[in-house]
Amino acid sequence: MRAMTQDDEQQQVAGFGAFTVVDVETSGLRPHEHRVLSVAALTLDSAGQVSEEFHTLLDPGCDPGPVHIHGLTADVLRGSPEFGQVRERLAGLLDGRVLVAHNALFDYGFLAREFARTGARLPVDRRLCTLALARRVAPPTPDYKLGTLASYYGVPQHKAHDALDDSRVLVQVLRALVADAAHLGIAAPLLDCADDTARTAGPRWPVQRRGPKQPCAFAYPGPMPAGGPLRQGMKVAFTGETRIDREELVARAEAAGLDVTGTVSRRTSVLVTNDAASGSGKARKAAEFATPILDERRFLALLDAIEPGQSRSAAGQSRPAVAGRTAPRPRPPTGPLSGRRVLVLGGTHEQAAAARVRIVALGGSVAVNLSATVTDLLVLDGGDADHRVRRAAELALTVHGPRLLESGAAAPREQPAPEPDVTQLSRGQVVDLPTTDRTWALRATWNQLDDQAVDLVAFLVDDTEKVADSSDFVFYNQPEAPGARLSEDGPNEQAITITLDDLPEHCRRIVFAAALDGAGRTFGDVGAVELEIATGPESSTLLRATLDAATTERTLLLAELYLRADTWRLRAVGQGYEADLAALVDRYGVEVAD
């Protein structure tokens with residue numbers, strides 16, 4: 001347990017703004033499908049003390065879901081207010097303030113959806129994820145779950161998965177994390193969310209649905225027979241002008257249980273177009289694959305009589321668990337810098353990149369930001385002007401010059417290894433993943449640039465190294481696919497979580513990449529991108545790779561996850577390209593036209 005000092009408390013006061021800590025208990029995991037059952041909101045003053053507290057149960061009018069987790073049965077919830085009855089009360093606690101939650105995207109997403117259901121907008125412009133803040137601070141805990149952090153900071157937890165108690169616990173954990181962040185000179189990862197559609201505007205792919213695409217709940221039944229009928233789970237694509245607004249048409253199709261895709265492939269069940277001879281890319285593909293074609297009027301008639309499909313789980317379309325040997329967990333490298341985590345400052349891009357490669361070759365680990373796990377600084381030409389050098393002196397870290405790269409012998413060996421279970425991967429290195437772990441989170445972080453957005457994307461490709469259709473492309477406007485989910489937890493941190501057993505059967509490889517949004521910048525401006533691979537969003541890091549692109553690249557292949565025999569393997573790639581994301585998605589078979 002880490003005890004808090006008087007200095008910590010003084011740093012806390014300087015670190016707080018207008019924060020509202022929230023927690024929700026829900027009937028499931030998907031905001032578009034499930035409902036909020038309980039919500040707590042605690043406003044904080046500038047000293048981090050609770051100034052107002054609100055909590056209520058809610059009657060969602062539906063099955064409460066996993067009662068064994070939250071304990072909220074239908075009988076317990078019956079007679080509670082509906083969300084619309086407490087909306088204005090919540091709005092008053094959130095308006096103009098920073099929403100704070102542990103795994104904030106979850107709570108924010110559910111509250112935004114509940115506000116939308118009642119015809120209003122969630123009045124939150126910025127949010128702070130304490131899970132992301134904990135990862136930046138990196139306290140020496142086995143994971144970053146709320147209960148684990150509470151135990152580390154000495155915060156009593158009386159009833160886990162209770163919205164009120166969890167929010168009270170989080171207030172105290174937040175105080176401790178803010179104090180540790182201030183001690184390390186770490187800025188809180190505040191994320192702008194005033195306009196969640198802003199990043200889909202401009203020269204991007206056309207948006208044809210309201211909100212992100214949700215994975216279809218029904219099994220794929222194959223192509224549509226000649227003349228119909230439509231069946232839930234069929235894959236449908238649209239092209240050309242439509243009488244009904246395209247977003248409305250897509251919304252109707254998805255609400256009926258169809259899987260709307262942005263491209264035509266061999267697995268597409270039907271193409272809807274009012275001009276089959278238009279010569280569009282989708283129309284040409286439909287002709288090539290003999291995909292059935294319907295006009296809009298006939299499609300709507302068949303949609304009204306759609307036949308029920310089979311759920312994905314019942315049909316066994318999730319990838320079965322792989323039986324076989326249990327691959328050992330990767331072991332950290334050995335060498336003169338074994339157990340050291342080094343932050344490189346200064347030098348040209350090429351010099352810093354070469355230094356990081358050398359540190360890994362000497363058995364060390366490389367950091368791109370200061371955290372509690374950093375043990376050493378390597379200062380190259382010009383690096384002494386970086387404010388983190390002064391912070392390192394205050395933290396009693398060892399500061400080295402280029403001589404460290406000669407043999408690593410200059411590194412002190414008295415201190416214990418900070419992360420004995422983390423393996424640093426070099427570019428191109430391949431490791432087997434333990435077969436007992438079926439969920440993996442790949443997280444990318446980089447140095448924040450005020451005018452530059454980095455997008456993390458993934459391609460779920462088949463044996464042809466192409467996506468089967470556009471639903472196998474995970475990106476900012478389509479953050480979910482079967483077995484894959486994209487999340488943004490801070491201004492310079494994004495993650496894709498992979499559930500191996502839920503991947504589509506045709507998926508043989510997942511390719512992770514990063515791309516720059518906006519003209520004029522390259523990954524030479526961004527600098528190193530750090531990958532951390534863990535067994536889940538709240539788990540501690542198991543694997544790490546620090547990748548440097550050269551100065552002119554705008555897209556960067558980060559890693560590949562692929563199945564070989566009975567074992568999933570991870571390869572650190574680090575290959576950059578000068579072309580934009582549009583060229584990269586074309587390479588993997590994603591069509592972005594019409």
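So, a few notes on the structure that sits alongside this text.

Moving on: the overall build of the chain. Secondary structure summary: the chain contains 17 helices and 27 strands in total. Buried positions account for 54% of the 594 residues belonging to the chain. Expressed as a percentage of contacts within the chain between residues at least 6 apart in sequence, the contacts between residues at least 24 apart total 73%. Here the chain has roughly 24,700 Å² of accessible surface; of this, 49% comes from carbon and sulfur atoms.

We now examine the pairing of strand β13 (residues 376–379). Neither face of β13 is open: one carries Asp376 and Leu378, the other Leu377 and Val379, and all of them are buried. Bridging between strand β11 (residues 341–345) and β13 involves four bridges; their strand directions are parallel. Counterpart to Leu345 in the pairing with β13 is Val379. The handedness of the β13 to strand β14 (residues 398–400) crossover, carried by helix α14 (residues 387–394), is right-handed.

This part takes up the packing of aromatic side chains. Under the definition given, this model contains eight aromatic pairs. For the ring pair Tyr152 and Tyr153, a centre distance of 4.8 Å and an interplane angle of 70 degrees mean the geometry is edge-to-face. One exposure class covers both Tyr152 and Tyr153, and it is buried. Taking the centre distance of 5.0 Å and the plane angle of 5 degrees together, the rings of Phe459 and Phe473 count as stacked. Taken as a pair, Phe459 in strand β18 (residues 453–461) and Phe473 in strand β19 (residues 473–474) lie far apart in primary sequence, 14 residues in all.

Let us look at the layout of surface pockets. If you add up the space inside the second largest pocket, you get close to 1,600 Å³. Forming the boundary of the second largest pocket are 49 residues, of which Gly28, Leu29, Asn103, Phe106 and Arg485 lie nearest the centre. Classifying every residue of the lining of the second largest pocket gives 18 nonpolar, 16 polar and 15 charged.

With that out of the way, let us pick up empty space enclosed by the protein. In this structure the tally under the stated criterion is one cavity of 30 Å³ or more. Considering only enclosed or pocket space, the largest cavity measures out at about 50 Å³ in volume. Surrounding the largest cavity, Leu433, Trp440, Leu442, Ile498, Phe512, Ile533, Leu561 and Leu570 form its lining. Of the residues contributing to the lining of the largest cavity, the split by class is eight nonpolar, no polar and no charged.

Pairing in this open sheet of six strands is mixed, and the strands run β3-β2-β1-β4-β5-β6 from one edge to the other. Where the open sheet ends on each side, the last strands, each with one partner, are β3 (50–57) and β6 (190–192). Within the sheet, the average angular offset between the axes of one strand and its neighbour, ignoring direction, is 25 degrees. Each of β4 (98–101) and β5 (126–129) is contacted by helix α6 (residues 130–137), which is oriented at about 50 degrees to β5, the strand it contacts most.

For side chains bearing opposite charge, pairing can occur when the charged atoms are close. In total, this model carries 31 salt bridges according to the counting rule given. Between Arg30 and Glu33 there is a salt bridge, with its nearest N and O atoms 4.0 Å apart. Judged by relative accessible area, which is 27%, Arg30 ranks as partly exposed. Judged by its relative accessible area of 45%, Glu33 falls in the partly exposed class. Note that Arg168 and Glu53 form a salt bridge whose closest N and O atoms lie 2.7 Å from each other. Taken together, the residues Arg168 in helix α8 (residues 163–184) and Glu53 in strand β3 connect sequence positions 115 residues apart. Salt bridges linked by common partners bring Arg30, Glu33, Glu480 and Arg485 together as one network.

With that settled, consider the sheet that holds strand β26 (residues 555–564). The strand order across the open sheet built from six strands is β16-β27-β26-β23-β18-β19, with neighbouring strands paired in antiparallel fashion. Two strands bound the open sheet, and with one partner strand each, they are β16 (430–432) and β19. Summarising the sheet, β18 and β19 pair through two bridges and their orientation is antiparallel. What sits directly across from Phe459, in β19, is Phe473.

Turning our attention to the side chain of Glu532. Position of Glu532 relative to the elements: it lies in strand β24 (residues 529–534). At a separation of 3.2 Å, a polar atom in the side chain of Glu532 contacts the side chain of Arg544. Those residues in contact with Glu532 that sit more than four places away from it in its chain are Arg341, Ala441, Leu442, Arg443, Thr541, Leu543 and Arg544.

Scoring rules and cut-offs
Residues numbered from 1 in each chain as written. Predicted model: local features only at pLDDT ≥ 70, side-chain atom pairs only at ≥ 80, totals over all residues. Heavy atoms only, no water. Helix = DSSP H or I, 4+ residues; strand = E, 2+ residues; numbered from the N terminus. Buried < 20%, exposed > 50% of the residue type's maximum accessible area, 1.4 Å probe, protein only. Contact = heavy atoms within 4.5 Å. Areas by Shrake-Rupley, 256 points an atom, 1.4 Å probe, with all protein chains shown as cover. Pairing = 2+ DSSP bridges. Right-handed = clockwise from strand over helix to strand, strands pointing away. Phe/Tyr/Trp six-rings, centres within 6.5 Å; stacked < 30°, edge-to-face > 60°. 1 Å grid on protein atoms, 1.4 Å probe; cavity = no way out; pocket = protein on both sides within 12 Å on 5 of 7 lines; lining within 4 Å. Points joined across faces, edges and corners; volume = space filled by probe spheres on them. Nonpolar A, V, L, I, M, F, W, Y, C, P; charged D, E, K, R; others polar. Axes fitted to C-alpha atoms, helices over the stretch in contact; angles between N-to-C directions. Salt bridge = Lys/Arg side-chain N within 4 Å of Asp/Glu carboxyl O. Polar contact = N/O pair within 3.5 Å; in protein donor to acceptor, adjacent residues only side chain to side chain.

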